[in-house]
Amino acid sequence: MTNTHSVVIKGGHIVDSTGQRDADVVVVDGRIAAVGEDLSADRTLDAAGCIVSPGFVDIHSHLREPGKEEAETVETGARGAALGGYSAIVAMPNTTPAIDSAAVVRQVQELGRVAPCDVHVSGAITVDRAGEQLAPMAEMAALGVRLFTDDGAGVQDNALMRRAMEYSVGLGVVLAQHCEDDALCGGGHMHEGEWSARLGIAGQPAEAEELMVMRDIALARLTGARVHFQHMSTARSVAMIREAIAAGLAVTAEATTHHFTLTHAQCASYDPVFKVNPPLRTAEDVAAVKAGLADGAIGIIATDHAPHAAETKELPFDQAPPGMLGLETALALCLTELQLPIEQIIAALSWRPAAVVGIGDQHGRPIATGEPANIAVFDPEYRWTVRGSDMASRSTNTPYEGRELRGKVRHTLLFGEPVVISGEAQR
Ligand code: DOR
């Protein structure tokens, strides 16, 4: 995807992995051609008052294709991602059929080729994500798959998970775990605690997540595998990961935007828009997730963007599927809710996740001459009100409906092409 016209991003403040400075950025043929003062080009993108950073990378997006195109497609999910400042996303494999073979990997990669965001594909660890038999990881890795997960479910069988980890070392891939012990979660629809008791909704204890975090840290130690912990939601999970990193294990972890902005008290409305796995937890857990983001125990912010069609999400709480939209609100939630330096927020949104999935040569790069022009330009002060119906997603299940947030993407460049200009998707 190249653009023969030159574009200048003018008047912005650059924040990247090398630091901060004011400069214009000229982009030609998919790459950054110049960074400096008073630059001009065929086309000007105004960045006055804006931060110019490497495009964001979401390593946890549900794009629903194949199988649930009524909720999202690769194209609509990628468009929402571009509007959210993302230049790359990783599609989760819990589709129908699951992404557990070379054929389905190829199908989603094909759909991604024409999308307005660089779509990478993750593969399932087990066949049909059923947790019984290892999926053909090597044939998927040969197509470029770098992250394997049964997301939506955790791999329950300890011996099978050990084998997957041993196998992953040879393939040089990352295993990402959705940490939930099914037996302990059994029949639960929200966090087990004060609110589940009051509301009469069956709960899932924090320990259902923590037991699997504990097990996978132990197996990472045993096998030397690269393990990534998805959507960490409890204070003790964060503490265990902090310790594992300090012990030198090759583990990384992500927090979703909803797990550091919402608590289980939100479920008091009985509105299934607040139903998600792992569930929204206590205020103490939210504070611990934020502390983990602050001290680096949790290095990555992910969305777990999980669109669901209205007819399913509007069922009663115990029947509705878990999941909430995330791609178009992530940046604003970070800027509104996290008291962290801007370079730390962008690190967690951009170059750190890019490194986990091995795309750090294309995304999250410094804003410097010769680098691929995958760039987000956003106004950190812009105030706007969240409306699910305004989003590019085919679904509207945002838990932030009506909420005023601060920070909005103005332009997104994908390999030099302005795919979002002045907040409008260009394709
Ligand atoms: O709430 C969730 N929804 N958690 C998951 O892990 C899966 C996701 C989905 O696919 O809807």
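Use the structure listed above.
Residues numbered from 1 in each chain as written. Predicted model: local features only at pLDDT ≥ 70, side-chain atom pairs only at ≥ 80, totals over all residues. Heavy atoms only, no water.

The next thing to look at is the packing of helix 8 (residues 235-246) against helix 9 (residues 283-295). When two helices pack together, their arrangement is given by the angle between the helix axes and by the axis-to-axis distance. Helix 9 packs onto helix 8 with a crossing angle of 25 degrees between their chain directions and a minimal axis gap of 8 Å. In terms of orientation, helix 8 lies roughly parallel with respect to helix 9. Packed against helix 8, whose contacting residues are Ala 235, Val 238 and Arg 242, the element helix 9 presents Asp 285, Ala 288, Val 289, Ala 291, Gly 292 and Asp 295 at the interface. Partitioned by chemical class, the residues of the contact of helix 8 with helix 9 number five nonpolar, one polar and three charged. (Axes fitted to C-alpha atoms, helices over the stretch in contact; angles between N-to-C directions. Helix = DSSP H or I, 4+ residues; strand = E, 2+ residues; numbered from the N terminus. Parallel < 35°, antiparallel > 145°, perpendicular 65-115°, else oblique. Contact = heavy atoms within 4.5 Å. Nonpolar A, V, L, I, M, F, W, Y, C, P; charged D, E, K, R; others polar.)

Turning to the nonpolar core, a few remarks are in order. Tyr 86, Ile 89, Phe 148, Phe 229 and Phe 378 are the most contacted members of the largest nonpolar core, which totals 73 residues. By residue number, the principal contributor to this core is helix 12 (residues 342-349), which donates six residues. What Phe 229 contacts, discounting residues up to four positions off in sequence, is Gln 177, Cys 179, Val 213, Asp 216, Ile 217, Ile 241, Val 251, Thr 252, Ala 253 and Glu 254. Ranked by size, the runner-up nonpolar core spans 20 residues in total, among them Trp 195, Val 276, Leu 280 and Phe 317. (Core = buried A, V, L, I, M, F, W, Y, C linked by side-chain atoms within 4.5 Å. Buried < 20%, exposed > 50% of the residue type's maximum accessible area, 1.4 Å probe, protein only.)

What follows covers the site of the ligand. What surrounds the ligand is a group of 14 residues, the closest being Arg 64, Asn 94, His 178, Asn 277 and His 308. Between the ligand and the protein, one listed contact pairs an oxygen atom with a backbone N or O atom of Gly 323 at 3.2 Å. Protein coverage of the free-state accessible area of the ligand, which is 290 Å², stands at 95%. Class assignment of the residues belonging to the shell around the ligand gives a composition of three nonpolar, eight polar and three charged. (Near = heavy atom within 4 Å. Polar contact = N/O pair within 3.5 Å; in protein donor to acceptor, adjacent residues only side chain to side chain. Areas by Shrake-Rupley, 256 points an atom, 1.4 Å probe, with all protein chains shown as cover.)

A separate point is the pattern of salt bridges. Scanning the entire structure with this criterion turns up 19 salt bridges. With a shortest N-O distance of 3.3 Å, Arg 410 and Asp 46 are connected by a salt bridge. Remark: Asp 46 occurs in strand 6 (residues 43-46) and Arg 410 occurs in strand 19 (residues 404-414); sequence separation between them is 364 residues. We classify Asp 46 as partly exposed; its relative accessible area is 42%. The partner of Arg 383 in a salt bridge is Glu 404, with the nearest N and O atoms 3.6 Å apart. You can see Arg 383 sitting in strand 18 (residues 375-385) and its partner Glu 404 sitting in strand 19, a full 21 residues away along the chain. Via salt bridges that share partners, Asp 46, Asp 379 and Arg 410 belong to a single interconnected network. (Salt bridge = Lys/Arg side-chain N within 4 Å of Asp/Glu carboxyl O.)

For the rest of this paragraph, the subject is the sheet that holds strand 9 (residues 86-91). In spatial order, the strands read 8-9-10; together these three strands make up an open sheet with parallel pairing. Each having just a single partner strand, strand 8 (56-61) and strand 10 (118-121) make up the two edges of the open sheet. Each strand of the sheet is rotated relative to its neighbour by a mean of 20 degrees, with strand direction disregarded. Direction of pairing for strand 8 relative to strand 9: parallel, over a ladder of four bridges. When the bridges of strand 9 are listed, Phe 56 appears paired with Tyr 86. (Pairing = 2+ DSSP bridges.)

Before going further, it helps to spend a moment on the sheet that holds strand 1 (residues 7-10). The strand order 5-4-1-6 describes an open sheet built from four strands, whose pairing is mixed. Because the sheet does not close on itself, it has two edges, and the strands there are strand 5 (31-36) and strand 6. In this sheet, neighbouring strand axes are inclined to one another by 20 degrees on average, regardless of whether the strands run parallel or antiparallel. Pairing of strand 4 (residues 24-28) with strand 5, which is carried by five bridges, proceeds in the antiparallel orientation. From the neighbouring strand, Asp 24 faces strand 5, where its bridge partner is Gly 36.

This part is about helix 7 (residues 206-223). With 18 residues, helix 7 should reach 26 Å at 1.5 Å per residue; the first-to-last C-alpha distance of 26 Å fits that figure. Those residues of helix 7 not exposed but buried are Ala 206, Ala 208, Glu 209, Glu 210, Met 212, Val 213, Arg 215, Asp 216, Ile 217, Leu 219, Ala 220 and Thr 223. Just past helix 7, the residue Gly 224 takes up positive phi, approximately 75 degrees. (Expected span 1.5 Å × (residues − 1).)

A contiguous nonpolar surface patch, about 260 Å² in accessible area, is contributed by Leu 184, Leu 211 and Met 214. Along the polypeptide, Leu 184 turns up in helix 5 (residues 182-185). (Patch = residues over 30% accessible without salt bridge, like charges linked within 9 Å, V, L, I, M, F, W, Y side chains within 5 Å.)

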